[in-house]
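# Breakdown of the fold
Residues per chain, in single letters:
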Amino acid sequence: MGETERQGKRGSWGNFILILIGIVMLAVISVGIVVVPKYGKLFKEYRKYSSELKESRSELAEAEKENKKLLADRDALQALDGDVQSMQAETFKYAAELEAAVKNGSSSKKICYITLDDGPYYRGKKFLDIFNKYDVKATFFLTTANGDTLPDKGDETASSMYNEYLKYGHTIGNHTYSHNYSAGGVYSSADSFMKSIRKQDKFTEKATGGYKPVIVRFPGGSGTAGSVLGDITEDLKKEGDGWIDWTVDSSDSWGTDNTSPKIIMKQIKEAAKEQKIMVILFHEWSENSEKAMPQVIEYLDKQGYIFLPLFYDSVMVEK
Ligand SMILES: [Zn+2]
């Protein structure tokens, strides 16, 4: 093979390689232009999905853990519910013994039953805070006169409050469903009164998951019932319900000009002079009572009063 031939062959190989490089470069460029962005997008999507999947997987595991915890909590709560009921029964047994001792003078202690009518109100939470601070138990006589709403806070239901009262060991009493004591209302007959009581019982049982109030407070007090009072109390007895008025009127419902925290304190100081067991009437909507409550508790505590929630067997509950 001559020199020129060899050079010619080398030249065509060179051209071939150049063309090949050109083709490869074109391929690379088109891959760069078309394929890479396409797969790049796919990769991105895939990465997003896989991290989402990972996230939802761990969320799922978290939810399963939460679910197990909730089930365990439910079991513990059910057990606790039984404990609370038997503890409450035990407490009320001691309370009844204490009442007897206070009455016959063998105990130097005194007893105060704080009662709040007409709730639930949002203000009830403020009262609960005060009672928690002083470790005081009270009684809430509830009605559904305002439907399932809180008159002083529109975005919360009345029924959401019921368990709040129970949670801290307070007693829930029945203040009738309608609280309507004008003509044609609950005092038009024993039957219409009892209907309102039963309806309120049902509402309470639904809101609390089974709590049945056993103490009734008449709207306006039992005196307001007039001629049907006897028939009503007969019916209440038959149904196993007790009822109670009050021994001290805090004055909080006497109208703006006739009540104030000062007047409330005056009422209570006056009553504390004579009453070894007192039942004070307050209203859950009263700002004056909310303001007076810490002083009321501190004063009565100094006088030797113990604060108890009302219970069916209390000497103060008629039956
Ligand atoms: Zn009332």
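Residues numbered from 1 in each chain as written. Predicted model: local features only at pLDDT ≥ 70, side-chain atom pairs only at ≥ 80, totals over all residues. Heavy atoms only, no water.

### Looking at the pairing of strand S1 (residues 110-119)
Buried residues dominate S1, accounting for 10 of its 10 residues. In the sheet, S1 pairs with strand S8 (residues 305-307) via three bridges, with the strands oriented parallel. Within S8, the position partnered with Cys112 by the bridge is Phe307. With seven bridges joining them, S1 and strand S7 (residues 277-283) adopt parallel strand pairing. Bridging from a neighbouring strand, Leu116 pairs with Phe282 of S7. Note on the crossover from S1 through helix H2 (residues 123-134) to strand S2 (residues 139-142): the handedness is right-handed. (Buried < 20%, exposed > 50% of the residue type's maximum accessible area, 1.4 Å probe, protein only. Helix = DSSP H or I, 4+ residues; strand = E, 2+ residues; numbered from the N terminus. Pairing = 2+ DSSP bridges. Right-handed = clockwise from strand over helix to strand, strands pointing away.)

### Some words on the pattern of salt bridges
Per the counting criterion, the structure on display carries 17 salt bridges. We note a salt bridge from Arg217 to Asp117, for which the minimum N-O separation is 2.8 Å. In this pair, Arg217 is assigned in the loop between strand S4 (215-216) and helix H5 (229-239) and Asp117 in strand S1, connecting sequence segments 100 residues apart. Using a relative accessible area of 0% as the deciding quantity, one classes Arg217 as buried. Exposure remark for Asp117: the relative accessible area of 3% places this residue in the buried category. Between Lys137 and Asp135 there is a salt bridge; the shortest N-O distance is 3.9 Å. Note on Lys137: relative accessible area 26%, which makes it partly exposed. Under the relative-accessibility criterion, Asp135 is labelled exposed at 60%. (Salt bridge = Lys/Arg side-chain N within 4 Å of Asp/Glu carboxyl O.)

### Focus on H5
Buried residues of H5: Ile232, Thr233 and Leu236, and no others. Taken end-on, H5 shows its buried residues confined to a sector of 95 degrees, consistent with a single buried face. (Arc of directions from axis to C-beta.)

### Observations concerning the coordination of the zinc ion
Coordination of the zinc ion by the protein comes from Asp118 (OD), His175 (NE2) and His179 (NE2), over a distance range of 2.1 Å. Site description for the zinc ion: donor spacing in sequence, D-x56-H-x3-H. A residue pair is termed long-range when its members are at least 10 positions apart, and Asp118 in strand S1 and His175 in the loop between strand S3 (171-174) and helix H4 (190-208) qualify at 57 residues. For the pair shown, Asp118 and His175 are each scored as buried. (Donors = N, O, S within 2.8 Å, 3.2 Å for Na, K, Ca; no water.)

### Some details on a negative patch on the surface
Residues Glu52, Glu55, Glu59, Glu62, Glu66 and Asp73 make up a contiguous surface patch of negative charge. Position of Asp73 relative to the elements: it lies in helix H1 (residues 3-104). Asp73 gets classed as partly exposed once you look at its relative accessible area, which sits at 35%. (Patch = residues over 30% accessible without salt bridge, like charges linked within 9 Å, V, L, I, M, F, W, Y side chains within 5 Å. Areas by Shrake-Rupley, 256 points an atom, 1.4 Å probe, with all protein chains shown as cover. Lys, Arg positive; Asp, Glu negative; His and termini not counted. Charge placed at Lys NZ, Arg CZ, Asp CG, Glu CD.)

### Some words on a nonpolar patch on the surface
Residues Trp13, Phe16, Ile17, Ile19, Leu20, Ile21, Ile23, Val24, Met25, Val28, Ile29 and Ile33 make up a contiguous nonpolar surface patch of about 1,200 Å² in total accessible area. Assignment of secondary structure puts Ile23 in helix H1.

### Remarks on the domain arrangement of the chain
Here the domain parsing of the chain yields domain 1 (51-107) and domain 2 (109-307). Between domain 1 and domain 2, the C-alpha centre-to-centre distance is 25 Å. Listed by partner, the interface residues are seven residues for domain 1 and eight residues for domain 2. Taken over both partners, the interface formed by domain 1 and domain 2 buries close to 660 Å², and the fraction arising from carbon and sulfur atoms is 60%. On the domain 1 side of the interface with domain 2, the three residues burying the most area are Leu98, Glu99 and Val102, jointly 60% of the side's total. In this structure, the connection of domain 1 to domain 2 is made through zero salt bridges. (Domains from an automatic or database assignment. Contact = heavy atoms within 4.5 Å. Buried area = accessible area lost by both parts, 1.4 Å probe.)

### Regarding the packing of helix H6 (residues 261-272) against helix H7 (residues 287-302)
To characterise two packed helices, one gives the angle between the axes of the helices and the distance between these axes. Relative to each other, H6 and H7 sit at 35 degrees, their axes nearing to 9 Å. The chirality of how H6 crosses H7 is right-handed. Packed against H6, whose contacting residues are Pro261, Ile264, Met265, Ile268, Lys269 and Ala272, the element H7 presents Asn288, Ser289, Lys291, Ala292, Gln295, Val296, Tyr299 and Leu300 at the interface. (Axes fitted to C-alpha atoms, helices over the stretch in contact; angles between N-to-C directions. Left-handed = near helix turned anticlockwise from the far one by under 90°.)

### As for the nonpolar core
If you look at the biggest cluster of nonpolar residues, it comprises 35 residues, and the most contacted ones within it are Ile114, Phe131, Met278, Phe282 and Leu300. Excluding anything up to four places from it in sequence, Leu300 contacts Cys112, Ile268, Ala272, Met278, Ile280, Tyr305 and Phe307. Counting 14 residues, the second-largest nonpolar core is a separate cluster that includes Val102, Ile244, Ile277 and Leu310. (Core = buried A, V, L, I, M, F, W, Y, C linked by side-chain atoms within 4.5 Å.)

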